[in-house]
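# Per-entry structural report
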Amino acid sequence: MAGPTSTALVLASASPRRRELIARLGVEPVRIDPADIDETPHDGELPRAYVARMAREKAAAVDGRGAYVLAGDTVVSAGRRILPKAEDEATARECLTLLSGRRHRVMSGIALAAPDGTIREKISETVVRFKQLSQEEIDAYIASSEWDGKAGGYAIQGHAEALIAWIQGSHSGVVGLPLYETRALLKAAGFAIA
Ligand SMILES: Cc1cn([C@H]2C[C@H](O)[C@@H](COP(=O)(O)OP(=O)(O)OP(=O)(O)O)O2)c(=O)[nH]c1=O
C-alpha cells in the first residue's frame, strides 16, 4: 500500500520498553497513544487467546488518523494460569516463588491496524526457566524493584536474566515486543520498513 501515510505509525502503548524495541527496527512513532481498555481475562480464557485479544483491542481502540497503529500485550503463564502484573511486593514474591525452578511461558501478542482499518496480529511464545531461587535471591530481587509493573513479576532485561538458566523463543518478545514478528507484520501490511 503506497501513499503519504504508509510510513506513519502510532504506538498504542504506555510501555517505554515497547518504544525502545520499535526504535531498533528503525521506526520512530509519529505519536504515542496508549490504549485504555478493560484488561480483565474472560472466564476460562487461555493465555494465547487472551494476549491476541488484548493486542487487537488495544490496536482497535486508538484512532490512527490515517497512520498505522501498533499495540502489544505480554503475559506470563504457568500451566493454564495467567500470572498477574506485579504492582506490589507480595504479588512479585508470589510470582517468583511460583516460577522458581520451573518452566513457564511468556506470550506476547502484537496487533497492527492498517490505515484502511484491517487488523493483523501475531503471537510470540517463549519458554523460560528460572534457576531454583533461594530465599536470599528472591529477597534481593524484591529489593531491586525491577519487578514493578512487569507481567509475572520480573524483567528479563534487568538483573533477572542472571537468574534465568534457559530460554527458548524470543528475548524481545519477553520484554514486550517480539521484533521478528513485528517486522513481519509491518511488512505484510505494506508499511515501508527495511
Ligand atoms: C516478563 C516481562 C514483562 N515485562 C513487561 C512488558 C510489559 O510492559 C509488561 C506487561 O504489561 P502489558 O499489559 O503487556 O503492557 P503495559 O501495560 O506495560 O503497556 P501497554 O498496555 O500500554 O502497551 O511487562 C518486561 O518488561 N520484561 C519482562 O521480562
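It should be emphasised that the depicted structure is a prediction, and the values quoted were computed from it without experimental measurement. (Residues numbered from 1 in each chain as written. Predicted model: local features only at pLDDT ≥ 70, side-chain atom pairs only at ≥ 80, totals over all residues.)

### Details of the overall build of the protein
- In terms of helices and strands, the protein carries six helices and seven strands.
- Each helix and strand of the protein, placed in order from N terminus to C terminus, yields the pattern β-α-β-α-β-β-α-β-β-α-β-α-α.
- Computed over the C-alpha atoms, the radius of gyration of the protein is 17 Å, within 12% of the 16 Å expected from 2.2 N^0.38 for a compact globule of 194 residues.
- In terms of overall dimensions, the protein has C-alpha extents of about 55 × 35 × 25 Å along its principal axes.
- Across the 194 residues that make up the protein, the buried fraction comes to 39%.
- Sequence separation of at least 24 residues holds for 71% of the intrachain contacts in the protein that already meet a minimum separation of 6. (Helix = DSSP H or I, 4+ residues; strand = E, 2+ residues; numbered from the N terminus. Rg over C-alpha atoms; globule rule 2.2 N^0.38 Å. Buried ≥ 20, exposed ≤ 12 C-beta atoms within 10 Å, placed from the backbone. Contact = placed C-beta atoms within 7 Å.)

### Describing the pairing of strand S3 (residues 68–78)
- A large share of S3 lies buried, amounting to ten of its eleven residues.
- Pairing geometry for strand S1 (residues 9–11) and S3, over three bridges, is parallel. Counted as the bridge partner of Val 10 is Val 69 from S3.
- Sheet analysis places S3 next to strand S5 (residues 103–113), joined by nine bridges and oriented antiparallel. Within the sheet, the bridge partner assigned to Val 76 lies in S5 and is Val 106.
- Sheet topology places S3 next to strand S4 (residues 81–82); two bridges connect them, and they run antiparallel. The residue bridging Ser 77 from the neighbouring strand is Ile 82, located in S4. (Pairing = 2+ DSSP bridges.)

### A word on unusual backbone geometry
- Even without glycine at this site, Arg 65 takes up a positive phi of about 45 degrees.
- On the secondary structure map, Arg 65 appears in the loop between helix H2 (47–61) and S3.
- Even without being a glycine, Ser 145 presents a positive backbone phi close to 65 degrees.
- Inspection of the secondary structure puts Ser 145 in the loop between helix H4 (135–144) and strand S7 (164–168).
- Residue Ser 145 is classed as exposed on the basis of its C-beta count, with 11 C-beta atoms lying within 10 Å.

### Side note on the UniProt feature "active site" (unreviewed entry) in the protein
- The UniProt entry lists Asp 73 under the feature "active site" (unreviewed entry), expressed in the numbering used here.
- For Asp 73, a count of 27 C-beta atoms within 10 Å puts it in the buried group.
- In this view, Asp 73 contacts Val 51, Met 54, Ala 55, Lys 58 and Gly 109; residues no more than four positions away in its chain are not counted. (UniProt positions renumbered as here; feature names shortened; annotations may be inferred.)

### Side note on the pairing of strand S6 (residues 119–130)
- Relative to S6, S5 runs antiparallel, the two sharing eleven bridges. Counted as the bridge partner of Arg 105 is Val 127 from S6.
- Connecting S5 to the antiparallel partner S6 that follows it, the hairpin turn spans five residues, and Gly 117 within it adopts a positive phi of roughly 95 degrees.
- The pairing of S6 with S7 spans four bridges and is antiparallel. Following the sheet pairing, Arg 129 is matched in S7 by Trp 166.

### Things to note about the nonpolar core
- Membership of the largest hydrophobic core comes to 49 residues, with the highest contact counts inside it found for Ala 59, Tyr 68, Val 69, Leu 70 and Leu 112.
- Not counting the four nearest positions on each side in its chain, Leu 112 is found in contact with Ala 59, Tyr 68, Leu 70, Arg 120, Leu 185, Leu 186 and Ala 189. (Core = buried A, V, L, I, M, F, W, Y, C linked by C-beta atoms within 7 Å.)

### A look at the UniProt feature "site: Important for substrate specificity" (unreviewed entry) in the protein
- According to UniProt, the positions carrying the feature "site: Important for substrate specificity" (unreviewed entry) are Arg 17, Thr 74 and Gln 157. Despite a sequence span of 141 residues, these residues sit close together in the fold, their greatest C-alpha distance being 14.2 Å.
- Checked against the element boundaries, Arg 17 lands in helix H1 (residues 16–23).
- For Arg 17, a count of 17 C-beta atoms within 10 Å puts it in the partly exposed group.
- For Arg 17, the residues in contact, after removing those within four places along its chain, are Gln 157, Val 175 and Gly 176.
- Within the fold, Gln 157 resides in the loop between H4 and S7.
- Contact partners of Gln 157, with chain neighbours within four places excluded, come to Arg 17 and Val 175.

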